[in-house]
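Spelled out from the first residue to the last, the chains are:
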Amino acid sequence: MEQLLVNTKIGELSIHFPGKLVFGRGKLNQLVQEILRVNARKVLIITIEPLLLKLNESIQQLENESIEVYTDITITQEPYFSDYTTLVQKVSSFNPDVVIGIGGGSVLDIAKLVAAQLENDQTLEQYVGIGLLKGRKKKLFCLPATSGTGSEVSPNAILVDDSDGQKKGIISPYLVPDVVIVDPLLTISVPPSITAATGIDALTHCLEAYTNKFSHPMIDLYAFEGMKLISSNIVQAVRNGNDEEARTAVALGSLYGGICLGPVNTAAVHALSYPLGSMFHLAHGLSNALLLPYVMEFNLVASPCKYASVAIALGCDRDIDDMATARRGVQKIKELIKQCGLPLRLREAGVTENAIPLIAKDAMKVQRLLKNNPREVNLDDAIKIYKEAF
């Protein structure tokens, strides 16, 4: 593996891996035995309607074992505090032993939080933030049905606060599942546009972890390989969703990106993308795709060596120096986004130019991510980046 070793000082690192991680095509069929292994009598499955057909056999097997199954399909978009509260109220009386999230990032995030909330005296407002959740009494299983958020292995969950429209993060080791099953075949039916947006989201996780101010050599391994896997397979996964090899490669790259989120996390791309979701209701992955190349261009001067290594991971040839190589990486990202059929400009996604100052102001509130960026981003910088992306 060709990689530029940048970190001469090895800092502290804390990683919370799932209790068990299963990866492979067709591994959905292992779900029932994992539930039986923990002696569950009641199971809550949070999923989406298009997956119900794929889950029917597993649900039938559980019921044959006299296990009660409650299935919820109400989470259909990026969730708000109110969506979470409504679901908790609905399932509290059922009081499952195991909570299972099967779907995209929104479904997984909600499943993680529901598992943590059941039989918990804390309220959501008390543990919004970093490290404030005190525990989780219910078993938690996660099965991603998109290759994007990496939520299945991360300690993060994101909700939109109804009171101010801001995306809020809950970060806790108690949100890392007990069992994770990554079956790439679950992603086969995902439409091209969602495959593209979630794939670029996963690529951004890896790229922002790798170039992070707090990057770490161990996480660099996952981030670098994740960039390679996703960049070399995402276009094929978008154009031919039935290509199992491409789907599997992108799923593994997404998993690597999720592992990066806990110990290192993301930076300015994600921070600047959040207001696009809350103000213009753009999908999270699309928001990241719209901003990624322009944040990269902003950051190059602060870390040309690391961004040159990013370019290598993306499949670019080395140029005369690090900065020239790094610029090839930016161009490669633009090409990938275009080949995936995603827009390259904010205006193409319905963002209005006169909203940029307000969007930038909102983005500056996401300091938990901005502090990770290799180059400091102030309000004027944010406005400039949005205008470059417009």
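Before reading on, note that the structure itself is shown above.
Residues numbered from 1 in each chain as written. Predicted model: local features only at pLDDT ≥ 70, side-chain atom pairs only at ≥ 80, totals over all residues. Heavy atoms only, no water.

Draft legend 1. Representation of the sheet that holds strand 4 (residues 98-103) within the structure. Strand order in the open sheet formed by 6 strands is 1-9-6-4-2-3, and the pairing between neighbours is parallel. Either end of the sheet is taken by a strand with one partner, and the two such strands are strand 1 (20-23) and strand 3 (68-72). Looking at each pair of strands side by side, their axes are set apart by 15° on average, direction ignored. Alignment of strand 1 against strand 9 (residues 179-182), held across 4 bridges, turns out to be parallel. The residue of strand 9 that forms the bridge with Leu21 is Val180. Of the strands in this sheet, strand 2 (42-46), strand 4 and strand 6 (139-144) touch helix 4 (residues 105-117), which is tilted by about 170° from strand 4. The strands that helix 9 (residues 244-261) touches are strand 1 and strand 9; relative to strand 1, the one it contacts most, it runs at about 160°. (Pairing = 2+ DSSP bridges. Helix = DSSP H or I, 4+ residues; strand = E, 2+ residues; numbered from the N terminus. Axes fitted to C-alpha atoms, helices over the stretch in contact; angles between N-to-C directions. Contact = heavy atoms within 4.5 Å.)

Draft legend 2. Layout of the pairing of strand 4. Most of strand 4 sits inside the fold, with 6 of its 6 residues counted as buried. Side chains Val98, Ile100 and Ile102 of strand 4 all project onto a buried face; the interleaved residues Val99, Gly101 and Gly103 project onto the opposite face, where all are buried too. Sheet topology places strand 2 next to strand 4; 4 bridges connect them, and they run parallel. Across the sheet, Val43 pairs through a bridge with Val98, a residue of strand 4. Here strand 4 pairs with strand 6 via 6 bridges, running parallel. When the sheet's bridge partners are listed, Val99 is paired in strand 6 with Leu140. (Buried < 20%, exposed > 50% of the residue type's maximum accessible area, 1.4 Å probe, protein only.)

Draft legend 3. Representation of a nonpolar patch on the surface within the structure. A surface patch of nonpolar side chains, amounting to about 240 Å² of accessible area, comprises Leu13, Phe17 and Met218. Note that Leu13 resides in the segment before strand 1. (Patch = residues over 30% accessible without salt bridge, like charges linked within 9 Å, V, L, I, M, F, W, Y side chains within 5 Å. Areas by Shrake-Rupley, 256 points an atom, 1.4 Å probe, with all protein chains shown as cover. Salt bridge = Lys/Arg side-chain N within 4 Å of Asp/Glu carboxyl O.)

Draft legend 4. Summary view of the sheet that holds strand 8 (residues 167-171). Taken together, 3 strands build an open sheet; the order of strands is 5-8-7 and the sheet is mixed. Here the strands that pair on one side only, and so sit at the sheet edges, are strand 5 (129-130) and strand 7 (156-160). In the sheet, strand 7 pairs with strand 8 via 5 bridges, with the strands oriented antiparallel. Bridged to Asn156 within strand 8 is Ile171.

Draft legend 5. Examining the nonpolar core more closely. One finds Met227, Leu272 and Tyr386 to be the most contacted residues of the largest nonpolar core, which totals 67 residues. The contacts of Tyr386, once residues within four sequence positions are left out, are Leu272, Pro275, Leu291, Leu346, Ile356, Ile359, Ala360 and Ala363. Residues Val88, Ala116, Leu159 and Ile170 belong to the second largest nonpolar core, which totals 27 residues. (Core = buried A, V, L, I, M, F, W, Y, C linked by side-chain atoms within 4.5 Å.)

Draft legend 6. Looking closely at the side chain of Ser287. Within the element layout of this structure, Ser287 appears in helix 11 (residues 284-299). In this structure Ser287 comes out as buried when scored by relative accessible area, which is 1%. Beyond its immediate stretch of four places on either side in the chain, Ser287 contacts Ser273, Leu276, Gly277 and Leu282.

Draft legend 7. Molecular detail of the packing of helix 6 (residues 192-210) against helix 11. Here helix 6 crosses helix 11 at 45°, and the two axes come no closer than 8 Å. On the basis of the axis angle, helix 6 is oblique to helix 11. Viewed along their axes, helix 6 and helix 11 form a crossing whose handedness is left-handed. For the pair helix 6 and helix 11, the contacting residues are Ala197, Ile200, Asp201, Thr204 and Leu207 in the first and His284, Gly285, Leu286, Asn288, Ala289, Leu292 and Met296 in the second. (Parallel < 35°, antiparallel > 145°, perpendicular 65-115°, else oblique. Left-handed = near helix turned anticlockwise from the far one by under 90°.)

Draft legend 8. How the structure looks around the state of the cysteines. Taken as a whole, this structure holds 0 disulfides when the rule is applied. No disulfide involves Cys260; its sulfur sits 5.1 Å from that of Cys206, the nearest cysteine. No disulfide involves Cys340; its nearest neighbouring cysteine sulfur is the one of Cys206, lying 15 Å away. The class for Cys340 is buried, based on a relative accessible area of 6%. (Disulfide = S-S within 2.5 Å.)

From the geometry alone we can't say anything about function, so treat these as descriptive.
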